[in-house]
Amino acid sequence: MAVCVAVIAKENYPLYIRSVPTENELKFHYMVHTSLDVVDEKISAMGKALVDQRELYLGLLYPTEDYKVYGYVTNSKVKFVMVVDSSNTALRDNEIRSMFRKLHNSYTDVMCNPFYNPGDRIQSRQRVEGQVSSLNWTVSLCRAFDSMVTSMMIQVC
């Protein structure tokens, strides 16, 4: 469904960015970072109502010719950004919302891990092979997060 998924920390640095196809990775990184301005605008427009609101889904941030960018913000101001192919007209708003909820639940599982340092990048075992990892539980939770994101993505021809 999604071609790019990003988790952005409260301080606006990426905790996790994954895109398919990888040859457009820089383009998707740029789209994610430019969408942060729109996220900040929507949050400031909502003001205090966002704190009291249980639904953290921001909806469509902006469309381009080829993609649509959606946003979600947690109570701790962590931002989720998802880029979806515009040609997928069957994808409805409630399906995007459901994908963000799954992403949020998976992110919460990683954060609840006592061995995970908040603010560190979320990396699966494939991405940390060069490092010595004695904390297999942390790596397995990050791998679960990565596989959940992979299941939400599609191959773009």
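First, a word on scope: everything that follows refers to the structure included in this document. Here the structure is a predicted model, which means the values were calculated and not measured.

1. Notes on the environment of R121
Turning to its location among the elements, R121 is positioned in the loop between α3 (93-111) and α4 (136-152). Judged by its relative accessible area of 46%, R121 is partly exposed. Here the alpha-carbon distance between R121 and L15, two residues 106 residues apart in the chain, equals 4.4 Å. Setting aside chain neighbours within four positions, we find R121 in contact with P14, L15 and Y116. A distance of 3.4 Å separates the side chain of R121 from the backbone oxygen of P14, its partner in a polar contact.

2. Details of the pairing of strand β4 (residues 67-73)
A large share of β4 lies buried, amounting to 6 of its 7 residues. Where strand β3 (residues 57-63) meets β4, 5 bridges bridge the pair, whose relative direction is antiparallel. In the sheet register, G59 faces β4, and the bridge partner there is G71. Where β3 folds back onto β4 in an antiparallel hairpin, the turn is made up of 3 residues. As consecutive antiparallel partners, β4 and strand β5 (residues 79-85) are separated by 5 residues, and within that stretch K77 has a phi angle of approximately 70°, a positive value.

3. Section: helix α1 (residues 25-46)
An α-helix turns once per 3.6 residues; consequently, residues spaced three or four apart project the same way. Under the 1.5 Å per step criterion, the end-to-end length of α1 is 31 Å for 22 residues, consistent within 8% with the ideal 32 Å. Listing the buried residues of α1 in full gives F28, M31, V32, S35, L36, V38, V39 and I43.

4. A word on the pairing of β5
For β5, the buried fraction is high: 7 of the 7 residues fall into the buried class. Because side chains alternate across β5, one face comprises the buried residues K79, V81, V83 and D85, and the other comprises F80, M82 and V84, equally buried. Sheet topology places β4 next to β5; 7 bridges connect them, and they run antiparallel. The residue bridging V69 from the neighbouring strand is V83, located in β5.

About the thresholds
- Residues numbered from 1 in each chain as written.
- Predicted model: local features only at pLDDT ≥ 70, side-chain atom pairs only at ≥ 80, totals over all residues.
- Heavy atoms only, no water.
- Helix = DSSP H or I, 4+ residues; strand = E, 2+ residues; numbered from the N terminus.
- Buried < 20%, exposed > 50% of the residue type's maximum accessible area, 1.4 Å probe, protein only.
- Contact = heavy atoms within 4.5 Å.
- Polar contact = N/O pair within 3.5 Å; in protein donor to acceptor, adjacent residues only side chain to side chain.
- Pairing = 2+ DSSP bridges.
- Expected span 1.5 Å × (residues − 1).

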